[in-house]
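Structural overview
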Protein chains: 2
Amino acid sequence: MNIDNNHLVIMAGGVGSRFWPMSTQEMPKQFIDVLGCGKSLLQLTVDRFQGVCPAENIWIVTSARYADIVKKQLPQISAERILLEPCRRNTAPCIAYVSWKIKKLNPKANIIVAPSDHIVLDIPEFIRVVTSSLKFTANSDAIVTLGMKATRPETGYGYIEADLSMSCPSNQEIYRVDAFKEKPDLETASRYVQRKNYYWNSGIFIWNVSTIVNALRVYQPGIAEVFERMTPYYFTEKEQEKVDELFPTCENISIDYAIMEKAEEIYVFPAYFGWSDLGTWGSLHENSQKDSHNNVCIGNHIKLHESRNCVIHTTQEKKVIIQGLDGYIVAENNDTLLVCRLTEEQRIKDFADE
Amino acid sequence: MNIDNNHLVIMAGGVGSRFWPMSTQEMPKQFIDVLGCGKSLLQLTVDRFQGVCPAENIWIVTSARYADIVKKQLPQISAERILLEPCRRNTAPCIAYVSWKIKKLNPKANIIVAPSDHIVLDIPEFIRVVTSSLKFTANSDAIVTLGMKATRPETGYGYIEADLSMSCPSNQEIYRVDAFKEKPDLETASRYVQRKNYYWNSGIFIWNVSTIVNALRVYQPGIAEVFERMTPYYFTEKEQEKVDELFPTCENISIDYAIMEKAEEIYVFPAYFGWSDLGTWGSLHENSQKDSHNNVCIGNHIKLHESRNCVIHTTQEKKVIIQGLDGYIVAENNDTLLVCRLTEEQRIKDFADE
């Protein structure tokens, strides 16, 4: 594997409405120091891939409205590598856009696509898995997904059903996918967890550029045509204008629906590196450092009294005193305050819309 | 009674630490729109006395640090009538200072002294009581206190024990005071409420200027001497300089300790005009308009779900969503957030000090 062919694509266009009001449309969670560690989730994501590809092969795809935030948070990434979507069209058009560009630059490119708002605890293992997957796709037409060993009946994730009867000859850790499963109800999720061949779909994909471009051509000819037509304009002054004109004409569809559930050569690399998509306050609570009363406090001046099982997230300057809460989210940014039971967090999206 | 002799003194130097963080040292509760009605407690206090005395006879005594706030909130009061204490010395030096000044202006002055952070619901009755008391003190050396009919065993107030056996000949509603009682414990307070001759001490006093000056001379000669010495400087350019020099030498003592518990001719006017000193979040809750779930919401953008018996107080701009709280204070200002059970509110002072 020639490491110079490796490209990293980070999708950073989400709006993170489930983490409102910490995450807002103006400043979604990938740009926030959710863990209170001094770096945003996006910055942590870029850091995590260090050594996987040359620095100039890192691509960020985001919404045009977040261009300034991305540039500020990732000054080491040149503006040329920051792709700006004029509107939200889910992951398939996003991946198509960057794939066609990379293909124009290097038809031998080998790509890893990752969300910008996940966390990984065991980074050496993560790097091992990613590198191993890239070696695999460098020499095959495989689409590889990273499947996370399911440790609980999580209803917030999609699942991947693997055929564990035989691993791939060229990589003994990689298996064929039998099916992708949408987010299940609790009963179904419990059944999945009991079986050994179900994995959480991490949304991290590895493929070479020919594979994904061809798959899009076959399964999403409409989207493929848009980015094929734009080929003369990539890396020119006219590119953004053309993107602004044509990107909105793409179908709004996720890469899972668009490709994963349709294509044949889909593989899964079952892995375990302490992953979370941080999709819920509950998962943030689970993945963060807790005090002796099981509270997670993110913010510089938070003081708790007789409180437990809470997640407190505030702006850095805010002084916060909490007394007598059990099992609550307290989230505050400059213009909004939310106090809500953790068990009711699925309603936060509605609260944000009110 | 010549109304031109009537003077109103409003004491506005408190720091309101029990209402932290709504009330802060920089902006204590008397300057805050605690009730969400568009006026601060100080502004409401001034309004409440309308017609009792000429506008130019209204005096505000406050801390030097609050001078700008007072001037902004009460533009109708001339700077000459705003007395600035260089440091906090409780109510006796405050009252002495303004009394000596008024005496220099008008030795026949008749004075009502009131805190700036109380509320009164029945203002016509309040005016009736105050006017009646002023008539009484215009022609006597009496010190009159307003005693509030005790409706519950409140431990946050001092009590006045009256001798109800005989009212004053010149005012049938006014009685001699037998004793002042400090804030009682709950058991004692319950005993007080059962008896008919115990009243809450409202901290509102009526007397003529000779009476209070003489009482201070007799019972607080140290304080009296300070303000006697300053007599040549009142209403001159040198006044503030002298105050800054001499005021700090006064003993730190309340008017209750300094005079009320010592003097002989003390009277009480038992009254009922929907009074509260708003000394606690509980009393704010009690005295404010509640929604159908017994919540008090002060702030423009507060939305509650499955919450009851709460007091929510925020800055005007803040959007607040509360879900699933019962019996809590949620108070927020620009740099601080407090969430605390109403039953634990006596600890807020400690929280503020942390």
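Residues numbered from 1 in each chain as written. Chains lettered and ligands numbered in written order. Predicted model: local features only at pLDDT ≥ 70, side-chain atom pairs only at ≥ 80, totals over all residues. Heavy atoms only, no water.

Topic: the packing of helix H3 (residues 91-105) of chain A against helix H7 (residues 221-229) of chain A
The relative placement of two packed helices is expressed as an angle between their axes plus a distance between the axes. Residue and element names in this part refer to chain A. The interhelical angle for the contact between H3 and H7, taken along N-to-C directions, is 35°, at an axis separation of 9 Å. Two packed elements cross with a definite hand, and for H3 against H7 that hand is right-handed. Of H7, the residues touching H3 (which contributes Ala 92, Pro 93, Ala 96, Tyr 97 and Trp 100) are Ile 223, Ala 224, Phe 227 and Glu 228. (Axes fitted to C-alpha atoms, helices over the stretch in contact; angles between N-to-C directions. Helix = DSSP H or I, 4+ residues; strand = E, 2+ residues; numbered from the N terminus. Left-handed = near helix turned anticlockwise from the far one by under 90°. Contact = heavy atoms within 4.5 Å.)

Quick word on empty space enclosed by the protein
Residues and elements named next belong to chain B. Scanning all chains against the criterion turns up three cavities of 30 Å³ or more. When its volume is computed, the largest cavity comes out at roughly 50 Å³. Along the walls of the largest cavity sit Arg 18, Glu 154, Gly 156, Tyr 157, Asp 277, Gly 279, Thr 280 and Ser 283, which together make up its complete lining. When the residues that make up the lining of the largest cavity are grouped by side-chain class, the tally is one nonpolar, four polar and three charged. (1 Å grid on protein atoms, 1.4 Å probe; cavity = no way out; pocket = protein on both sides within 12 Å on 5 of 7 lines; lining within 4 Å. Points joined across faces, edges and corners; volume = space filled by probe spheres on them. Nonpolar A, V, L, I, M, F, W, Y, C, P; charged D, E, K, R; others polar.)

Considerations on the relation of the copies chain B and chain A
Rotating chain B by 179° and translating it 0.1 Å along the rotation axis places it on chain A, where the RMSD comes to 0.1 Å. Taken together, the rotation angle and the small translation identify this as a two-fold axis. (Least-squares fit on C-alpha atoms with pLDDT ≥ 70 in both.)

Some thoughts on the interface of chain B and chain A
Taken residue by residue, the interface counts 29 residues in chain B and 29 residues in chain A. When chain B packs against chain A, close to 2400 Å² is buried across both sides, 52% of that on carbon and sulfur atoms. The largest contributions to the chain B side of the interface with chain A come from Ile 321, Gln 323 and Leu 337 of chain B, which together make up 28% of the buried area. Counting across the interface, chain B meets chain A through four salt bridges. Salt-bridge contacts for Glu 332 of chain A lead to Lys 318 of chain B; the nearest nitrogen and oxygen are separated by 2.8 Å. In this assembly, chain B and chain A are joined by 22 residue pairs in polar contact (both at pLDDT 80 or more). Secondary structure elements with two or more residues in the side of chain B that touches chain A: strand E13 (301-305), strand E15 (319-323), strand E16 (328-332) and strand E17 (336-341) of chain B. (Buried area = accessible area lost by both parts, 1.4 Å probe. Salt bridge = Lys/Arg side-chain N within 4 Å of Asp/Glu carboxyl O. Polar contact = N/O pair within 3.5 Å; in protein donor to acceptor, adjacent residues only side chain to side chain.)

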